[in-house]
Amino acid sequence: MDVTTLGSLLVGVGAVAGAVVAYLGKRGENAITVYGSLTNDLQEERDALKAEREALNTRLAEQAALRAADQAEIARLRALIVHLGGEP
């Protein structure tokens, strides 16, 4: 095998290796793009759920305040009933 044939063979092997590296690199790039897209989707979903949770917590706090006001009104009315001579 002379030097020219050996050089041609090495160039061919190098071209195939370069093609394999480019193919694998593109697959990796696509995987990273998909991963980034999924991460963004999950973050958006997390933010939406966080906002929904905060709204529910606000509603729950409002309900607790209304219940406390109702309990105070019930206690006031019971005291009024006892004061007027009745039984609660």
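Please read all numbers here as calculations on a predicted model, not as lab measurements.

Draft legend 1. Here's a closer look at the overall build of the protein. The helix and strand inventory of the protein stands at 1 helix and 0 strands. Classification of the 88 residues of the protein by burial places 0% in the buried group. Surface summary for the protein: the accessible area is close to 7700 Å², and the carbon and sulfur share equals 65%.

Draft legend 2. Layout of the pattern of salt bridges. Applying the stated rule across the entire model yields 2 salt bridges. The residue D47 makes a salt bridge to R46 at a minimum N-O spacing of 3.2 Å. A salt bridge links E73 to R76; the shortest N-O distance between them is 2.8 Å. Taken together, the residues E73 and R76, both in helix 1 (residues 3–83) and 3 residues apart, mark about one turn of the helix.

Draft legend 3. Summary view of a nonpolar patch on the surface. A cluster of nonpolar side chains, contributed by L6, L9 and L10, occupies part of the molecular surface with about 290 Å² of accessible area. Checked against the element boundaries, L10 lands in helix 1. We classify L10 as exposed; its relative accessible area is 56%.

Conventions used here
- Residues numbered from 1 in each chain as written.
- Predicted model: local features only at pLDDT ≥ 70, side-chain atom pairs only at ≥ 80, totals over all residues.
- Heavy atoms only, no water.
- Helix = DSSP H or I, 4+ residues; strand = E, 2+ residues; numbered from the N terminus.
- Buried < 20%, exposed > 50% of the residue type's maximum accessible area, 1.4 Å probe, protein only.
- Areas by Shrake-Rupley, 256 points an atom, 1.4 Å probe, with all protein chains shown as cover.
- Salt bridge = Lys/Arg side-chain N within 4 Å of Asp/Glu carboxyl O.
- Patch = residues over 30% accessible without salt bridge, like charges linked within 9 Å, V, L, I, M, F, W, Y side chains within 5 Å.

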